[in-house]
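# An overview of the molecular structure
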Amino acid sequence: MNISNRSRINKARRFFKKAPIFAFQELQALLGDEYTFEQFLGDLKLKTKPKRKAKKSGLVRYGRYGRMMQLVSIWRSSGDISFLIEAQQLRDRISQPYRLQVRYGREIKEYYYPPEVPINHLEAILELTKVCSSHAQFEEMKLEKEKYRVF
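Here is a short report on the structure shown in this document.

Thresholds applied
- Residues numbered from 1 in each chain as written.
- Predicted model: local features only at pLDDT ≥ 70, side-chain atom pairs only at ≥ 80, totals over all residues.
- Heavy atoms only, no water.
- Helix = DSSP H or I, 4+ residues; strand = E, 2+ residues; numbered from the N terminus.
- Buried < 20%, exposed > 50% of the residue type's maximum accessible area, 1.4 Å probe, protein only.
- Contact = heavy atoms within 4.5 Å.
- Polar contact = N/O pair within 3.5 Å; in protein donor to acceptor, adjacent residues only side chain to side chain.
- Core = buried A, V, L, I, M, F, W, Y, C linked by side-chain atoms within 4.5 Å.
- Pairing = 2+ DSSP bridges.

### A word on the environment of Tyr35
One can find Tyr35 in the loop between helix H2 (23-31) and helix H3 (37-44). Taking the relative accessible area as the measure of exposure, Tyr35 reaches 3% and is therefore buried. Note: C-alpha distance between Tyr35 and Leu143 (108 residues apart in sequence) is 75 Å. When neighbours within four sequence positions are excluded, Tyr35 is seen to be in contact with Arg8, Ala12, Phe24, Leu27, Gln28, Phe40 and Asp43. A polar atom in the side chain of Tyr35 sits 2.7 Å from the side chain of Asp43.

Written out as structure tokens, the structure reads:
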């Protein structure tokens, strides 16, 4: 915006403040017939910067994020620091893949899941370890549970 536009805007506001009914006619007489009513209305309108939107966290896509925020809200309501410590531990590991170890007898198998998998899903799979008595049975039930799950 150059100086002449700024002075025209200031004149329009000043004239409108002094005599709102005749401001446009006085400005048109002063500036000439090329000054339109749309320009006059534009000059009177306050130019404000658009409000900034709050940035969304990029961590939302990770499966541990929901649990972490849940623990933070519990900490805020109760004041118990243990919830905050647990939330911080989740935050430290938020982008790391899940490592699930299943042991039946002396045999140990490890399963890896991407960090985007919801933590509730893995807890449900862990519940299967209590029900199953062998790796084969666990694999079968795990596949059944994951059949309709899309990560």
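Resuming the write-up.
### Points about the nonpolar core
Membership of the largest hydrophobic core comes to 22 residues, with the highest contact counts inside it found for Tyr113 and Phe138. Put simply, the parts of the chain that give this core at least two residues each are helix H4 (65-78), helix H5 (81-92), strand S1 (98-104), strand S2 (107-113) and helix H6 (119-131). In this structure, Tyr113 is in contact with Pro97, Tyr98, Leu100, Leu122, Ile125, Lys142 and Glu146, ignoring residues within four places of it in sequence. Within the second largest apolar cluster, 7 residues are counted, among which are Phe15, Phe24, Leu27 and Tyr35.

### Concerning the side chain of Lys142
Checked against the element boundaries, Lys142 lands in helix H7 (residues 135-146). Those residues in contact with Lys142 that lie beyond four places of it in its chain are Tyr111, Tyr113, Ile125 and Leu128.

### Digging into the pairing of S2
In the sheet, S1 pairs with S2 via 7 bridges, with the strands oriented antiparallel. In the sheet register, Tyr104 faces S2, and the bridge partner there is Glu107.

Read these as spatial facts, not as claims about activity.
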